[in-house]
Amino acid sequence: MGTEEERRRRRVAVAGRVLGGFALILSALTPALGHADSFPPDVVGVLAGEGKAATELTFVGRSGQLHFADGETWKRQSVGGIASDVLGAVRSGKVVFAVARRAPLFRNSSAGWRATPLGNRGSASYAADGAVVMASLGRHLYQLDGGSWKRFATAARRVTAMYAATKGRVYVATTRGRLRRFDGKRATVIKNALPANDYVIRLLGRPGSALFGLSKTGTVLTVGASQATSIGFEGPLAGFEVHALGYGPKKAILAAGTIPADDGSASPVLARLDKAGATLLETLEPLNAADRITVVHTAADGRLVVATFCGMVLIRDTVCSLELRQVSVDVPSLASSTGPGHRPSRSGMRRRSRYFYSTYGALSGRYRMRAPRILVADDDAWILRMVT
């Protein structure tokens, strides 16, 4: 048992070992980073609801960072820090909402990011491509109506993806591979062949055309009114690993990902999806081994934007001109930043804790970047940029 003094000494010793280990981690991070205010962008999406041209888009990072267009680059004007698993963000008037998988809904205004919990709890999903922006918490579905979120329906299981064909007709994917079509009152079963340990994580379609789904294991589905069938990848798309789905020009639905190259590496490609299957469109700029395509988006000016998690941005221009641009990875000052979404922390320790996830990635070498190159595809030109 020991005396009270002995127990106190043991507690102090344990605390010392913990703090010492933390100090070793920090000391290891310092030389690896080189600059404490330089971190990768962790791009997960485009800020929805803005309708901007390709070079004026706002990119969203996985901790709520907002990267705003600044001349020939995008610069981070907020440090984020609201979560480590932000799924996306949408602008509604002067307010920006961010949805994270395991955190409350966040609202950004002139006062910065503030948690705005809804009436339910659970793992979240998010969809901004349909007739109305939607989010889910656990089994519960919400629709964004002006500046507020309104309850739409409740599913039988946890929701993993959704797509609003109209405000009143929503396709919903849940765990154990289930697919349903909701009208707000009842659900219609959509049969599919996904196993119980798989489920759809992305649904995307256009009014009057096919709806497509992407599962956790990479299966692509064509979703009909009562049945969903999987799409097989053959020929030049054999071994296609889909990273992201998005809208292409002329109402196309595009899939971006990688296929095995002859030298054993992964070659990034774009493919067009339709009811008959998938068609290879073109090969993209090579990626780092740890990088993934996270954005496929057609901007308001008709140009196609493809972006990666590590911040590489390709813009397809209809004019045959070549540009090579690079942005810095500097983070705004925590003490002086007045950019959207920034709220100064109350202590230095709390400020530093916001950088844990990006710091770990930088130390592990996960975000090492190659020198960018120009990619020219037939009569179109790709403009290569980097997001900070």
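These lines cover the structure that appears in this document, whether it is placed above or below. All figures in this text were calculated on a predicted structure; none of them were measured in a lab.

Quick word on the side chain of S215
Then comes step 1: When you line up the elements, S215 lands in strand β18 (residues 211-215).
Then comes step 2: For S215, a relative accessible area of 2% corresponds to the buried category.
Then comes step 3: Of note is the side chain of S215, whose polar atom sits 2.8 Å from the side chain of D198.
Then comes step 4: With residues near it in sequence (within four places) discarded, S215 still touches L194, D198, Y199, V200 and I201.

A closer look at the sheet that holds strand β16 (residues 187-189)
Then comes step 1: Read across the sheet, 4 strands follow the order β13-β14-β15-β16 without closing on themselves; strand pairing throughout is antiparallel. Whereas interior strands pair on both sides, the edge strands pair on one side only; in this sheet they are β13 (159-164) and β16. With strand direction ignored, the average angle separating the axes of adjacent strands in the sheet is 25 degrees.
Then comes step 2: Judged from the 5 bridges that link them, β13 and strand β14 (residues 170-174) form a sheet pairing that is antiparallel.

A few points about the pattern of salt bridges
Then comes step 1: Tallied over the entire structure, the rule returns 11 salt bridges.
Then comes step 2: Across the pair K75 and D70 runs a salt bridge, and its minimum N-O distance is 3.7 Å.
Then comes step 3: Accessibility expressed as a relative area gives 37% for D70, which makes it partly exposed.
Then comes step 4: For R316, the salt bridge identified is with E282, shortest N-O distance 2.1 Å. Linking R316 in strand β27 (residues 312-317) with E282 in strand β24 (residues 277-283), this pair joins segments that are 34 residues apart in sequence. As far as burial versus exposure is concerned, R316 and E282 are alike and both buried.
Then comes step 5: In the salt-bridge network here, residues are joined through shared partners; they are E50, K52 and R91.

Notes on the sheet that holds strand β20 (residues 228-230)
Then comes step 1: The strand order β17-β18-β19-β20 describes an open sheet built from 4 strands, whose pairing is antiparallel. The sheet is open, and its two edges are formed by β17 (200-205) and β20, each paired on a single side. Neighbour-to-neighbour, the strand axes of the sheet open up by a mean angle of 25 degrees, direction not taken into account.
Then comes step 2: Judged from the 4 bridges that link them, β18 and strand β19 (residues 220-223) form a sheet pairing that is antiparallel. Looking across to β19, one finds that F212 is bridged to T222.

Here's the deal with unusual backbone geometry
Then comes step 1: Positive phi, close to 55 degrees, is recorded for D42, a residue that is not glycine.
Then comes step 2: Its location among the elements puts D42 in the loop between α1 (4-33) and β1 (43-46).
Then comes step 3: Taking the relative accessible area as the measure of exposure, D42 reaches 1% and is therefore buried.
Then comes step 4: Although it is not a glycine, K250 adopts a positive phi angle of roughly 55 degrees.

A closer look at the pairing of strand β21 (residues 241-247)
Then comes step 1: Here β21 lies mainly inside the structure; 6 of its 7 residues are buried.
Then comes step 2: Sheet topology note: the β21/strand β22 (residues 253-260) ladder contains 6 bridges and is antiparallel. Across the sheet, residue G246 finds its bridge partner in β22, namely L254.
Then comes step 3: What sits between the antiparallel neighbours β21 and β22 is a turn of 5 residues, in which K250 has the positive phi angle 55 degrees.

A short note on the environment of E234
Then comes step 1: Within the element layout of this structure, E234 appears in the loop between β20 and β21.
Then comes step 2: In the structure, E234 is positioned 44 residues away from A278 in sequence and 8.9 Å away in space, judged by C-alpha atoms.

Observations regarding the pairing of β17
Then comes step 1: Looking at chain direction, β17 and β18 are connected through 5 bridges and run antiparallel. Opposite V200, over in β18, you have S215 as the bridge partner.
Then comes step 2: Here β17 folds back onto β18, and the loop between the two strands holds 5 residues, one of which, G208, carries a positive phi near 80 degrees.

Rules behind the numbers
Residues numbered from 1 in each chain as written. Predicted model: local features only at pLDDT ≥ 70, side-chain atom pairs only at ≥ 80, totals over all residues. Heavy atoms only, no water. Helix = DSSP H or I, 4+ residues; strand = E, 2+ residues; numbered from the N terminus. Buried < 20%, exposed > 50% of the residue type's maximum accessible area, 1.4 Å probe, protein only. Polar contact = N/O pair within 3.5 Å; in protein donor to acceptor, adjacent residues only side chain to side chain. Contact = heavy atoms within 4.5 Å. Pairing = 2+ DSSP bridges. Axes fitted to C-alpha atoms, helices over the stretch in contact; angles between N-to-C directions. Salt bridge = Lys/Arg side-chain N within 4 Å of Asp/Glu carboxyl O.

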